[in-house]
Amino acid sequence: MENITIAICDDDPEFLSAFSAQVKMVCEQENAGVLIDPFSSSESLIQFLTRGYTPDIFFIDIEMEEPNGVELGHMIRKTFDMRYAIIYYISEFTKYHGQLFDIHPKNFFGKPVNQEKLSRELSEDLAMFRSRYYHYKDGRVDKAVLFRNVVLLESDRHKNRLVLQNNAGYTE
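Residues numbered from 1 in each chain as written. Predicted model: local features only at pLDDT ≥ 70, side-chain atom pairs only at ≥ 80, totals over all residues. Heavy atoms only, no water.

Novice: Is there a simple way to think about the nonpolar core in this case?
Specialist: Considering soluble globular proteins, one finds that nonpolar side chains tend to be buried as a cluster. Ranked by internal contacts, the top residues of the largest apolar core, which has 22 residues, are Leu-45, Leu-49, Phe-58, Ile-60, Leu-72, Ile-76 and Tyr-89. Those elements that place two or more of their residues in this core are strand S1 (4–9), helix H2 (42–50), strand S3 (57–61), helix H3 (69–79) and strand S4 (86–91). Among all residues touching Ile-60, those that are not within four sequence positions of it are Cys-9, Gly-69, Leu-72, Ile-76, Ile-87, Tyr-88, Tyr-89 and Ile-90. By size, the runner-up hydrophobic cluster in this structure holds 21 residues, among which are Phe-15, Ile-90, Val-113 and Leu-118. (Core = buried A, V, L, I, M, F, W, Y, C linked by side-chain atoms within 4.5 Å. Buried < 20%, exposed > 50% of the residue type's maximum accessible area, 1.4 Å probe, protein only. Helix = DSSP H or I, 4+ residues; strand = E, 2+ residues; numbered from the N terminus. Contact = heavy atoms within 4.5 Å.)

This is the structure we're talking about:
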């Protein structure tokens, strides 16, 4: 299974470092292969997104320099067409809740972040990402492919055939 990529965007360097460590700890407890990428500004994250960076999960602070976290969420959904990415918002202030509905965030974390809530949310997400893969053996090698890349999966007399979007096939 490929690594799950998590982008954390917050302009407070101390919080960014501490929260990245919290996320890493939860992922290690879940034995999940993750890449955690911290960003200290919306602009730095946007530069990566422009170059094709596609994280699976975002943690975004709302109160940042322009573009703020709400505007960044809109860009992630609309400009970068990442409608299936999971977005969490982080803020000391709850006054933004009403502005977040059309971005469809999964949840909202107050600062400081509640460790139990973070563990529960990430555990749920990691389980969901694990279930996105079809696992099979190619000889003696275990392999996994994203279900969304599977075009055809058929079984005929103990022979399985797997056809992927890129026309690659596998028969066992």
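Novice: Is there a simple way to explain a negative patch on the surface in this structure?
Specialist: Taken together, the side chains of Asp-11, Asp-12, Glu-14, Glu-63, Glu-65, Glu-66, Glu-71 and Glu-92 make up a negatively charged region of the molecular surface. With respect to the secondary-structure elements, Glu-63 resides in the loop between S3 and H3. What makes Glu-63 partly exposed here is its relative accessible area of 33%. (Patch = residues over 30% accessible without salt bridge, like charges linked within 9 Å, V, L, I, M, F, W, Y side chains within 5 Å. Areas by Shrake-Rupley, 256 points an atom, 1.4 Å probe, with all protein chains shown as cover. Salt bridge = Lys/Arg side-chain N within 4 Å of Asp/Glu carboxyl O. Lys, Arg positive; Asp, Glu negative; His and termini not counted. Charge placed at Lys NZ, Arg CZ, Asp CG, Glu CD.)

Novice: I would appreciate a short explanation of the environment of Gln-165 in the present structure.
Specialist: Position of Gln-165 relative to the elements: it lies in the loop between strand S9 (159–164) and strand S10 (169–171). Owing to a relative accessible area of 53%, Gln-165 belongs among the exposed residues under this scheme. For the pair Gln-165 and Thr-54, spaced 111 residues apart in sequence, the C-alpha separation works out to 19 Å. What Gln-165 contacts, discounting residues up to four positions off in sequence, is Arg-148, Asn-149 and Val-151.

Novice: Is there a simple way to think about the packing of H2 against H3 in this case?
Specialist: Two quantities define a packed helix pair, namely the angle between the axes and the distance from one axis to the other. Where H2 contacts H3, the axes come no closer than 11 Å and their chain directions differ by 5°. By the criterion of interaxial angle, the relationship of H2 to H3 is roughly parallel. Across the interface between the two elements, Ser-42, Leu-45, Ile-46 and Leu-49 from H2 touch Leu-72, Met-75 and Ile-76 from H3. When the residues that make up the contact of H2 with H3 are grouped by side-chain class, the tally is six nonpolar, one polar and no charged. (Axes fitted to C-alpha atoms, helices over the stretch in contact; angles between N-to-C directions. Parallel < 35°, antiparallel > 145°, perpendicular 65-115°, else oblique. Nonpolar A, V, L, I, M, F, W, Y, C, P; charged D, E, K, R; others polar.)

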